[in-house]
Amino acid sequence: MSVKDTISKWEYFGIFKIMTLTPNQKRYPQLVLLVLIVFFVISFITNILNSIIVAVKDSFELSLSAAGFLPFSFFIAYAVMSIPAGFLTERYSSKSLLTASFVVIVVSCIVLVLNPSYNYFLGTLFVLGLSMAVLQVIINPMLRLAGGEEHLAFNSVMAQVVFGGASFLSPWLYLELIKDQSLTWINNILPNWIPQELPWLSLYLFFALLALLILGVIWIVPFPKVAASANEQTAAISAYKELSANRWTYLFFLGIFAYVGFEQGVGNWMAEYLKTHHGYMAEQVGASTVSYFWAMLTVGSLLGLILLKLLDSKTVLLLSSSAAIVFLLMALYGPASWALVSFPAIGFAISVMWSIIFSLGLNSLANHHGALSGILCTGIAGGAIWPLIVGLAGDWFNLQMGMTLLLIPLVYIWSIGIWANPLIRNKTLRKTTQSKN
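Just so it is clear, the model here is predicted, and its values are computed rather than measured.

Asker: I'd like a rundown of the overall build of the protein, residues and numbers included.
Answerer: Secondary structure summary: the protein contains 20 helices and 0 strands in total. In the protein, which comprises 437 residues, the proportion classed as buried is 51%. In the protein, 83% of the contacts between residues at least 6 apart in sequence involve partners at least 24 apart. Roughly 19400 Å² of accessible area belongs to the protein as shown, and the carbon and sulfur atoms make up 67% of that amount.

Here it is, written out as structure tokens:
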């Protein structure tokens, strides 16, 4: 097959077109790749806490409540920074904000490595959360510009696959780093930077080095000099006031709050649950189960694309949330063998929830979608609240009871499939067939 025939074949699937520049509409494939890399880094840094929280708890001799403040410190930063980050994008270029965010990541990680304590870790997680919030606000519009509006859905799915893949890989990196308890290879390069009793700290040294590498990439990649269109600019304060008077804003904000809270509540506490209730070692079985949880979430998102072409999104949400309820109860109240299978199965079940809730929210209002997106992103703060609630309840009662409380956000997500009434519904193959007839 000739090169020309190969290119034509890829163009048929709509893949090669994403990475090419058309005469009428210039695209920036190098920026698409950069955005995917940034998604990978965000996921890697965000979800590693799921794997190391037990080790951190043991290292600093924390209670479940104190351990619950770790994800709280990280995710509460989204509530603080998401909307201000939108205003920053109006004054500064994407390249400048990306650079500043990764510089902050480098500095905060090095400060933690040099001052390994619970208080410094809380502060580091908060600062990292602020950086992640800014990155999230920057890269979504950048993906639309770089790849083109017509390819945004495809590129967004690619970003989700990369995000899930990074969350799958991060626990295995952790296992590799702690496999050599002497950490000889690190101490040969940076003598005595990583205490023998805190092997998980080497991850944050790795994050600092990774962020430095990304900084180099950012400075090499050329950025287009374009002004944001009116639709892409952050909405005026009047738009936020109008949205604050609309009940759908609050209902779908709570939906995002519930989803991220449930996702992180399960992700952060499953390793500790397997350790305390079934005696599994957190550094081996717990970390690998967390990895499988994210792997199944990635696989489920691909299946979800098919389901959303066959069924209404509300129906898919009802099915996925019902399955998640069943899997959670099996994980918490079944034997150990059920827990090892059910926790990853939860990841599979919830994989479509974020996309469906977010799209239902946007499609429930006729305008101010940019401002609404910023408000919905503040709902990521649910990842701060629900793991903390689980930890507090775990100290007062036990971790099984604490994780059972995660049924509350899950039932709320299920209810969205009942009461949501979007102005525009997702397009299915059945609707397309009916319209042709």
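There is more to say, and it comes next.
Asker: Describe the packing of helix H13 (residues 313-333) against helix H19 (residues 407-419), and please don't skip the residues or the numbers.
Answerer: The geometry of a pair of packed helices is captured by two quantities: the angle between their axes and the separation between those axes. With their axes 8 Å apart at the nearest point, H13 and H19 run at an angle of 160° to one another. The angle between H13 and H19 places the two elements in the roughly antiparallel class. In this structure, H13 crosses over H19, and the sense of that crossing is left-handed. Between H13 and H19, the residues in contact are Lys314, Leu317, Leu318, Ser321, Ser322, Ala324, Ile325, Leu328 and Leu329 and Leu407, Leu410, Val411, Ile413, Trp414, Ile416, Gly417 and Ile418, respectively.

Asker: Quick rundown of the packing of helix H11 (residues 247-278) against helix H17 (residues 382-396)? Include the residues and the values.
Answerer: It is the contact of H11 with H17, at a shortest axis distance of 7 Å, that shows an interaxial angle of 50°. The angle between H11 and H17 falls in the class oblique. Once H11 is placed against H17, the crossing between them reads as right-handed. Facing Phe257, Val260, Gly261, Gln264, Gly265, Asn268 and Trp269 of H11, the residues of H17 in contact are Gly382, Gly383, Ile385, Trp386, Pro387, Val390 and Gly391. Here the contact of H11 with H17 is built from residues that sort into 7 nonpolar, 7 polar and no charged.

Asker: Let's hear about unusual backbone geometry: which residues, and what values?
Answerer: A positive phi angle is found at Glu61, which is not glycine, with a value near 55°. Locating Glu61 in the fold gives a position in the loop between helix H3 (49-59) and helix H4 (64-91).

Asker: Lay out the side chain of Ser320 in plain terms, naming residues and giving numbers.
Answerer: With respect to the secondary-structure elements, Ser320 resides in helix H13. Excluding residues within four positions of it along the chain, Ser320 makes contact with Ala349, Val352 and Met353.

Asker: Go over the pattern of salt bridges with me, naming the residues and quoting the values.
Answerer: Tallying each qualifying case throughout the model produces 2 salt bridges. The shortest N-O distance in the salt bridge between Glu272 and Lys57 comes to 3.7 Å. With Glu272 in helix H11 and Lys57 in helix H3, this residue pair connects regions lying 215 residues apart in the sequence.

Asker: Help me get a handle on the packing of aromatic side chains, residues and values and all.
Answerer: Enumeration over the complete set of coordinates arrives at 22 aromatic pairs. When the centroid spacing of 6.2 Å and the interplanar angle of 55° are considered together, the rings of Phe74 and Tyr78 count as tilted. Placement of the pair is Phe74 and Tyr78 together in helix H4, with a separation of 4 residues, close to one helical turn. The two residues Phe74 and Tyr78 agree in class, both being buried. Consider the rings of Phe253 and Phe257, whose centres lie 6.1 Å apart with planes at 35°: the pair is tilted. Placement of both Phe253 and Phe257 in helix H11 is noted, with a separation of 4 residues, approximately one turn of the helix.

Asker: Describe the nonpolar core, with residues and values.
Answerer: Proteins that are soluble and globular tend to have nonpolar side chains buried together. With 134 residues, the main nonpolar core has Phe102, Phe121, Trp200, Tyr204 and Phe343 as its most contacted residues. Filtering out sequence-adjacent residues up to four positions away, Phe102 remains in contact with Val38, Val41, Leu135, Ala211, Ile214, Leu215 and Ile218.

Asker: Let's hear about the environment of Val32: which residues, and what values?
Answerer: Mapped onto the elements of the fold, Val32 is located in helix H2 (residues 29-47). Through-space distance from the C-alpha of Val32 to that of Leu145 is 9.0 Å; in sequence the pair is 113 residues apart.

Asker: Any details on a nonpolar patch on the surface? Residues and values, ideally.
Answerer: There is a patch of nonpolar side chains on the surface, built from Leu303, Ile306, Leu307, Leu310, Leu311 and Leu319 and spanning about 500 Å² of accessible area. Of the residues forming the nonpolar patch, the biggest block, 4 residues, is contributed by helix H12 (residues 282-310).

Asker: Account for H17, naming residues and giving values.
Answerer: In this model H17 runs 21 Å from its N-terminal to its C-terminal C-alpha over 15 residues, within 8% of the 21 Å that 1.5 Å per residue would give. Listing the buried residues of H17 in full gives Gly382, Gly383, Ala384, Trp386, Pro387, Leu388, Val390, Gly391, Ala393 and Gly394.

Asker: Account for the environment of Pro199, with residues named and values stated.
Answerer: Its place among the elements puts Pro199 in the loop between helix H8 (184-189) and helix H9 (202-220). Accessibility expressed as a relative area gives 15% for Pro199, which makes it buried. For the pair Pro199 and Leu177, spaced 22 residues apart in sequence, the C-alpha separation works out to 7.3 Å.

Asker: Could you give an account of the confidence of the model for the protein, with specific residues and numbers?
Answerer: Per-chain confidence: the protein averages 83 in pLDDT, with 82% of residues scoring 70 or above. Segment residues 1-24: pLDDT under 50, and 18 contacts once partners within four positions in sequence are set aside and those in other chains are kept.

Asker: Go over H13, please, and point to the residues and values.
Answerer: Spanning 21 residues, H13 covers 30 Å between terminal C-alpha atoms, matching the ideal 30 Å at 1.5 Å per step. Ser313, Lys314, Val316, Leu317, Ser320, Ser321, Ala324, Leu328, Ala331 and Leu332 are the residues of H13 that are buried. All buried residues of H13 lie within an arc of 145° about the axis, which places them on one face of the element. Along its buried surface, H13 packs onto H11, H12, helix H14 (336-350), helix H15 (353-362), helix H18 (399-404) and H19. If you check the start of H13, you find a side-chain oxygen 3.0 Å away from the backbone N of Lys314, and it comes from Asp312.

Asker: Explain the side chain of Gln264 to me, and be specific about the residues and the numbers.
Answerer: Checked against the element boundaries, Gln264 lands in helix H11. Here Gln264 falls in the buried class, since its relative accessible area comes to 2%. A distance of 2.8 Å separates polar atoms of two side chains, one belonging to Gln264 and the other to Glu263. Filtering out sequence-adjacent residues up to four positions away, Gln264 remains in contact with Asn47, Asn50, Phe75, Trp294, Gly383 and Pro387.

The rules we used
- Residues numbered from 1 in each chain as written.
- Predicted model: local features only at pLDDT ≥ 70, side-chain atom pairs only at ≥ 80, totals over all residues.
- Heavy atoms only, no water.
- Helix = DSSP H or I, 4+ residues; strand = E, 2+ residues; numbered from the N terminus.
- Buried < 20%, exposed > 50% of the residue type's maximum accessible area, 1.4 Å probe, protein only.
- Contact = heavy atoms within 4.5 Å.
- Areas by Shrake-Rupley, 256 points an atom, 1.4 Å probe, with all protein chains shown as cover.
- Axes fitted to C-alpha atoms, helices over the stretch in contact; angles between N-to-C directions.
- Parallel < 35°, antiparallel > 145°, perpendicular 65-115°, else oblique.
- Left-handed = near helix turned anticlockwise from the far one by under 90°.
- Nonpolar A, V, L, I, M, F, W, Y, C, P; charged D, E, K, R; others polar.
- Salt bridge = Lys/Arg side-chain N within 4 Å of Asp/Glu carboxyl O.
- Phe/Tyr/Trp six-rings, centres within 6.5 Å; stacked < 30°, edge-to-face > 60°.
- Core = buried A, V, L, I, M, F, W, Y, C linked by side-chain atoms within 4.5 Å.
- Patch = residues over 30% accessible without salt bridge, like charges linked within 9 Å, V, L, I, M, F, W, Y side chains within 5 Å.
- Expected span 1.5 Å × (residues − 1).
- pLDDT = per-residue confidence, 0-100.
- Arc of directions from axis to C-beta.
- Polar contact = N/O pair within 3.5 Å; in protein donor to acceptor, adjacent residues only side chain to side chain.

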